[in-house]
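Remarks on the overall topology
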Amino acid sequence: MTTTTLRAVGFCAHYSAPGDWAFDYALRVARRHSIPLNVFHFLSNPYDPTDDTSRRLDPDARARLAVEREKELRMYYDLRAGEYLSVGFRLCEDNEWKELHRCLLHREFQILVLGYPYPGATFAGQPIEEFADSFVSPVVLVGPHRP
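Everything in this summary refers to the structure shown in the same document.

Rules of the game
- Residues numbered from 1 in each chain as written.
- Predicted model: local features only at pLDDT ≥ 70, side-chain atom pairs only at ≥ 80, totals over all residues.
- Heavy atoms only, no water.
- Helix = DSSP H or I, 4+ residues; strand = E, 2+ residues; numbered from the N terminus.
- Buried < 20%, exposed > 50% of the residue type's maximum accessible area, 1.4 Å probe, protein only.
- Contact = heavy atoms within 4.5 Å.
- Expected span 1.5 Å × (residues − 1).
- Polar contact = N/O pair within 3.5 Å; in protein donor to acceptor, adjacent residues only side chain to side chain.
- Axes fitted to C-alpha atoms, helices over the stretch in contact; angles between N-to-C directions.
- Parallel < 35°, antiparallel > 145°, perpendicular 65-115°, else oblique.
- Left-handed = near helix turned anticlockwise from the far one by under 90°.
- Nonpolar A, V, L, I, M, F, W, Y, C, P; charged D, E, K, R; others polar.
- Salt bridge = Lys/Arg side-chain N within 4 Å of Asp/Glu carboxyl O.
- Phe/Tyr/Trp six-rings, centres within 6.5 Å; stacked < 30°, edge-to-face > 60°.
- Disulfide = S-S within 2.5 Å.

1. What to know about the overall build of the protein chain
Scanning the protein chain from terminus to terminus reveals 5 helices and 7 strands. The N-to-C order of helical and strand elements in the protein chain reads β-α-β-α-α-β-α-β-β-β-α-β. Structurally, the protein chain occupies a C-alpha span of about 45 × 35 × 30 Å along its principal axes. For the protein chain, the residues scored as buried account for 48% of the 147 residues in total. Long-range pairs, those at least 24 residues apart, make up 74% of the contacts in the protein chain between residues at least 6 apart in sequence.

Listed below in structure tokens is the structure:
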């Protein structure tokens, strides 16, 4: 039997109460095991299958949006992380499925934590439960009604 070693936690940013609960959970796991927490954010919202904002932008506007989003990401989650310094941030420009698999292959996480913002939510263009069930690493869904 193969046993996976937990060396890092992945978290996909979502600015909502369930997103905050999910971050808090991911941070607790990282602290408990003294491992890195890697926070991922996408230019197009992975929870909204109709969001193609980043794909419609010219390269200069896309670059400005990336800088703005990364600054927002770091400011928001740095505050929430407090004194825990082993938190990394990655702004992802590719689609969610490919980018998360690439990060998994590079060992940037062994478990992925997602906020579950509301019943029937989607992630990466499919129902969030189906994404969690079909993803190649364990996925923890936090929410939608309580942590």
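2. Overview of helix α3 (residues 59–81)
Since the α-helix advances by 3.6 residues per turn, residues separated by three or four positions end up pointing in the same direction. A rise of 1.5 Å per residue sets the reference length of α3, with its 23 residues, at 33 Å; its end C-alpha atoms lie 32 Å apart and thus fit the reference within 8%. In this structure Asp58 caps α3, since a side-chain oxygen of it lies 3.0 Å from the backbone nitrogen of Asp60. Backbone geometry just after α3 places Gly82 at a positive phi near 60 degrees.

3. Side note on the packing of helix α1 (residues 17–33) against α3
In the contact formed by α1 and α3, the axes pass within 11 Å of each other and the chain directions differ by 55 degrees. With respect to α3, the axis of α1 lies oblique. Here α1 and α3 pass one another in a crossing that is right-handed. Here Asp20, Phe23, Asp24, Leu27 and Arg31 of α1 lie close against α3, whose contacting residues are Tyr76, Tyr77, Arg80 and Ala81. Taken together, the residues of the contact of α1 with α3 sort by class into 5 nonpolar, no polar and 4 charged.

4. Topic: the pattern of salt bridges
This structure, assessed with the given rule, holds 4 salt bridges. Asp24 is the salt-bridge partner of Arg80, the closest N and O atoms lying 2.9 Å from each other. On the criterion of sequence distance, the pair formed by Arg80 in helix α3 and Asp24 in helix α1 is long-range, its members being 56 residues apart. Owing to a relative accessible area of 29%, Arg80 belongs among the partly exposed residues under this scheme.

5. Notes on the packing of aromatic side chains
In this structure the tally under the stated criterion is 11 aromatic pairs. Arranged with centres 5.5 Å apart and planes meeting at 70 degrees, the rings of Phe11 and Phe23 form a pair that is edge-to-face. Remark: Phe23 occurs in helix α1 and Phe11 occurs in strand β1 (residues 9–12); sequence separation between them is 12 residues. Like Phe23, Phe11 is buried. The interplanar angle of 15 degrees and the centroid separation of 6.4 Å between the aromatic rings of Phe109 and Phe135 together place this pair among those described as stacked. Of this pair, Phe109 sits in the loop between α4 (96–105) and β4 (111–115) while Phe135 sits in the loop between α5 (128–134) and β7 (139–142); the two residues are 26 residues apart in sequence, bridging distant segments of the chain. The class for Phe109 is buried, based on a relative accessible area of 0%.

6. Overview of the state of the cysteines
Using the criterion set out here, one finds 0 disulfides in the structure. Cys12 takes part in no disulfide bond, and the closest cysteine sulfur to it belongs to Cys92, at a distance of 7.4 Å.

7. Concerning the environment of Arg74
Of note, Arg74 is situated in helix α3. Assessed through its relative accessible area of 34%, Arg74 is described here as partly exposed.

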